[in-house]
Amino acid sequence: MIKLNVWGGAGEHGRSAYLLSGSRFRLLLDCGVKKEGTGQYPLIDPEIVPQLDAVFLSHAHEDHSVAIPLLYKMGYQGEVWTTRETREQLRTYFANWRRFAERVGQKLPYDEADERAIRYQYLEDEVVSQTWFEPIPEVKVMWGRSGHLAGSVWFGLEMEGKRIFYSGDYTSESMLLQADCPAEAFWQTRTLVSMEIPMKQGNFTSNGADGVGRANIASGADRAISSVGLVDLAIVDAAYGTDQDTQADKLEQLERVIRQTIAQGGKVLLPMPVVGRGQEIILWAQQQFPDVPIVVEQGLVDGMKQLMHVPYWLREKGEHVIGSSLKDKMDCFFTGRGWDLPTTTQEREQLLELHAASLWFIPDGMMQSSLARWYYSQLSDREENLILLTGHVAHGTFADKLLRVPDKYGACEVGKIRYKVHQGWKDVERMLHQVPARHTVLVHADRAETDRLKEGLLRNSPSPGTVIHSLSAGDELYV
């Protein structure tokens, strides 16, 4: 029997940390923070930490990673298994979290020495993706690219006779990033057992983005699955809850609202994280609005360069980006220009004066930085301008305040259209069919929205043997 302890991440957005305990081994999946108020940490049991056998880190985002130094402060002596690209990004996320703590007047519960104490082991040095290996004797692990961030992965684990799937943050619909289909890997290694039932062909979507069509996983109705599923426990990214839109739907919405603003002569400010959806939307915008001036700040340009240096994590051709290869598109961004790169306040002021209807890409999706506040001050007094948010907005941030009470701060419009870097209803439903589990835990969204998603999924349950759970931080589950 395996026990799952939710130290954070289920029933909430942030501080992902999932403890798996058996009679012999204790493994931790991620250990992040919640960037709300003065910051929140996982519900870590300090007595358990020295007994951990290994920590597996899915990616560098702070809500999955930044509490790992706290484990070493509490006596963890083991290793953190992740990718080299994630390790490179962590330096920035640790530094940013330190600055956040200083800004809100809080002392970190760990020291920089604890950050330096982290002992990394690199997944890609050990084995290629979608292949089982033993990071510690009698514990098997498999990893694959999750499409969420360069370096981000999902995990498969086998311990004490149980098989677990952890999606991490997952999307098959990134325009730039490649996602490995977990179903392919699990089906290849599965041993068929008795009490089989046929899987309906309609449960699968032939989608080149997630690889299901390529592998023809189910072979139609001829393929059978066990009523106990491919895995015993699946911890599944369901951050977008009951949202059923595809990425194409989101891009249509983005294009429509941007065209409306451009038509009335307004400027569109698009705050983005330094690496991630920003680069995807920039390339898409260049294609969709070839005659509209585009201004890109240095942080996002650096993020594009960073992506070019890690081709393994990229698609060969970008989804929703028409024409040449993805590498050629990114090369063209640098060599062809057709966009402005301001480096001083004076240059920014000149470009604001020069361009009427235009697109402005700036780093900092939460609009907490002085640069983001400066841009808002320049645009906020004109009703035709638009601040367009495209991702998660943490409670209490300036972006959150603008969404809730925009009139308090200025006259410009403030809107949000969520570009997909996580899974919504249809994505989760597909994953449940592809990787059927005896127990599925939905994570990464608030409890009320997760409950609604669970109810909807149960109306179309993928297997009579599956149980879907909506949990909260502090809950436990026996498998």
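Residues numbered from 1 in each chain as written. Predicted model: local features only at pLDDT ≥ 70, side-chain atom pairs only at ≥ 80, totals over all residues. Heavy atoms only, no water.

Another aspect to go through is the sheet that holds strand β16 (residues 358–363). If you trace the 5 strands from one edge of the open sheet to the other, you get β15-β16-β14-β17-β18, paired in parallel fashion. In this open sheet, the two strands that pair with only one neighbour each are β15 (294–296) and β18 (413–416). The sheet shows a mean angle of 20° between the axes of neighbouring strands, direction not considered. Here strand β17 (residues 386–389) pairs with β18 via 4 bridges, running parallel. Residue pairing for β18: Ile387 is matched across the bridge by Val414. (Pairing = 2+ DSSP bridges. Helix = DSSP H or I, 4+ residues; strand = E, 2+ residues; numbered from the N terminus. Axes fitted to C-alpha atoms, helices over the stretch in contact; angles between N-to-C directions.)

For the rest of this paragraph, the subject is helix α16 (residues 447–458). With 12 residues, α16 should reach 16 Å at 1.5 Å per residue; the first-to-last C-alpha distance of 16 Å fits that figure. Elements in contact with the buried residues of α16: α15 (425–434), β19 (437–443) and β20 (467–470). Of the residues that open α16, the one with a side-chain oxygen 3.1 Å from the backbone nitrogen of Ala448 is Asp446. (Expected span 1.5 Å × (residues − 1). Contact = heavy atoms within 4.5 Å. Polar contact = N/O pair within 3.5 Å; in protein donor to acceptor, adjacent residues only side chain to side chain.)

Overall, the predicted model of the protein reaches an average pLDDT of 89, with 89% of residues at or above 70. Of the regions scoring below 50 in pLDDT, residues 191–228 engages in 72 contacts with residues more than four places distant in sequence or in other chains. (pLDDT = per-residue confidence, 0-100.)

Below, the discussion takes up the sheet that holds strand β4 (residues 54–56). Spatially, 7 strands are ordered β6-β5-β4-β3-β2-β1-β21 in an open sheet, and the strand pairing comes out mixed. A single partner strand is all that each edge strand has here, and the edge strands are β6 (119–122) and β21 (476–478). The mean angle between the axes of side-by-side strands here comes to 25°, regardless of whether they run parallel or antiparallel. With 3 bridges connecting them, strand β3 (residues 26–29) and β4 associate as parallel partners. When the bridges of β4 are listed, Leu27 appears paired with Ala54.

Moving on, we get to a positive patch on the surface. Among the surface-exposed residues, Arg99, Arg103, Arg373, Lys401 and Lys408 lie close enough to one another that they form a single positively charged patch. For Arg373, a relative accessible area of 37% puts it in the partly exposed group. (Patch = residues over 30% accessible without salt bridge, like charges linked within 9 Å, V, L, I, M, F, W, Y side chains within 5 Å. Areas by Shrake-Rupley, 256 points an atom, 1.4 Å probe, with all protein chains shown as cover. Salt bridge = Lys/Arg side-chain N within 4 Å of Asp/Glu carboxyl O. Lys, Arg positive; Asp, Glu negative; His and termini not counted. Charge placed at Lys NZ, Arg CZ, Asp CG, Glu CD. Buried < 20%, exposed > 50% of the residue type's maximum accessible area, 1.4 Å probe, protein only.)

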